[in-house]
Amino acid sequence: MTRTASTASPPAPAAGTGPTGKQPTWHRVRPGASWRDRPMRKLTPWLFLLAPLALLITFTYVPVGNMIYYSFTDWDGISPDRNYVGADNYTEIFTRPELFRVFAVSFYYLAASVVQIVIALYFAAVLSFDLRFRNLFKGILFFPYLINGVAIGFVFLYFFQDGGTLDSVLSWFGVGTDHAWLGSPESANTSMAGVSVWRFTGLNFVLFLGAIQSIPGELYEAAQLDGAGRWKQFRHIIAPSIRPVLSLSVILAISGSLSVFEIPYIMTGGATETSTFVIQTVKFAFQFNKTGLASACAVVLLAIILLITWIQRRLVPDEKVDLV
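Rules used throughout
- Residues numbered from 1 in each chain as written.
- Predicted model: local features only at pLDDT ≥ 70, side-chain atom pairs only at ≥ 80, totals over all residues.
- Heavy atoms only, no water.
- Core = buried A, V, L, I, M, F, W, Y, C linked by side-chain atoms within 4.5 Å.
- Buried < 20%, exposed > 50% of the residue type's maximum accessible area, 1.4 Å probe, protein only.
- Helix = DSSP H or I, 4+ residues; strand = E, 2+ residues; numbered from the N terminus.
- Contact = heavy atoms within 4.5 Å.
- Axes fitted to C-alpha atoms, helices over the stretch in contact; angles between N-to-C directions.
- Parallel < 35°, antiparallel > 145°, perpendicular 65-115°, else oblique.
- Left-handed = near helix turned anticlockwise from the far one by under 90°.
- Nonpolar A, V, L, I, M, F, W, Y, C, P; charged D, E, K, R; others polar.
- pLDDT = per-residue confidence, 0-100.
- Phe/Tyr/Trp six-rings, centres within 6.5 Å; stacked < 30°, edge-to-face > 60°.
- Lys NZ or Arg CZ within 6 Å of the ring centre and 35° of its normal.

Counting residues in each nonpolar core, the largest one holds 23 residues, and the members touching the most others are Phe205, Phe208, Ile212, Tyr220 and Ile238. If you tally residues by element for this core, the top one is helix 4 (residues 106-127), at six residues. Every residue in contact with Ile238, bar those within four places of it in the chain, is listed here: Phe129, Ile212, Ile215, Tyr220 and Gln233. Leu258, Phe277, Val300 and Leu301 belong to the second largest nonpolar core, which has 19 residues in total.

Let us look at the packing of helix 11 (residues 243-258) against helix 14 (residues 291-315). Their axes nearest at 10 Å, the elements helix 11 and helix 14 cross at an angle of 155°. If you check the angle between helix 11 and helix 14, you find them roughly antiparallel. Pair helix 11 / helix 14 crosses with right-handed handedness. From helix 11, Ser247, Val250, Ile251, Ile254, Ser255 and Leu258 reach across to helix 14, where they touch Leu301, Ile304, Ile305, Ile308, Thr309, Gln312 and Arg313. Here the contact of helix 11 with helix 14 is composed, by residue class, of eight nonpolar, four polar and one charged.

Another point: the confidence of the model for the protein chain. When pLDDT is averaged along the protein chain, the result is 83, and 85% of the positions lie at 70 or above. Under a pLDDT of 50 for its full length, residues 1-8 has, in the predicted model, zero contacts with residues more than four places off or in other chains.

The next thing to look at is the packing of aromatic side chains. Two descriptors summarise a pair of aromatic rings, namely the distance from one centre to the other and the angle between the planes of the rings. Across all of its chains, the model carries 17 aromatic pairs by this definition. Judged by centre distance (5.5 Å) and plane angle (65°), the ring pair of Phe156 and Phe159 falls under edge-to-face. With Phe156 and Phe159 both in helix 6 (residues 149-160) and three residues apart, the pair spans about one turn of that helix. Judged by relative accessible area, which is 24%, Phe159 ranks as partly exposed. Each ring, one from Phe261 and one from Tyr265, has its centre 4.9 Å from the other, and the planes form 25°; the classification is stacked. Accessibility expressed as a relative area gives 27% for Phe261, which makes it partly exposed. Of the residues examined, Tyr265 reaches a relative accessible area of 37% and is grouped as partly exposed. In this structure, Arg82 packs its charged tip against the face of Trp75, placed 4.4 Å from the ring centre.

Below you can see the structure in the form of structure tokens.
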């Protein structure tokens, strides 16, 4: 009797093992180890951050460092010679009261910032509800912010000039047109502050609208079932939920009012007591060739803005809002 060869195939290796039945070296994971323990997994987030960090350091922190260095020199912006003068530039700034007197102009723009925040908050609350043509009104409110600041300055320069657009419109209603809108400090600063309201209301509007639209709709439905009107919905739902965004808008308003430049520089060039601290700094750098002193002015302005921001954050800290 002959013995026949068995035709059964050998058992297949287990999944994830090699032909010898052993797990390959590249598949072996240390017991209890996670995929996050691998070196490349830890390095990957930093590789993604490498490009933005390089851009941030190159175009933000390096120029700020150079500005601080220039503030301790007498560099004129042209000559390669940069003589170290210590704190002389800062001493000159703090011993000349007229350099800080220009901050009085910032109060006009600070008051205008309050107006634009109120207007933006009102329209954001109204247009967050279901209204006809609300998308059209959203575009109308945000459009001025998209226009270049230099173009806005030239447009309103002709708008406020003698016999210009504003005088022509007022003449239709029988109002006298012999007023020089940019001829006196009060009138000029008020007019340009009004221009800033027209231009930057759209930015605050978008910030508020985005915060309001992130509120869960169930809260509005519950408020309507309880008989709450629009005002109570705004007071008890909208206002508490947008508090962090409102705090951000206040910070932007304060810093913006201290660093106004485009509109007054284009419309008046700083004449008729409309010069701001930034216009004064630019004149030091490019008109009087005192780049060292201008850099010191810029450092002082940066320090003032950071100090005000810190005080504001300490007085009105961010609180976690949980309405649900």
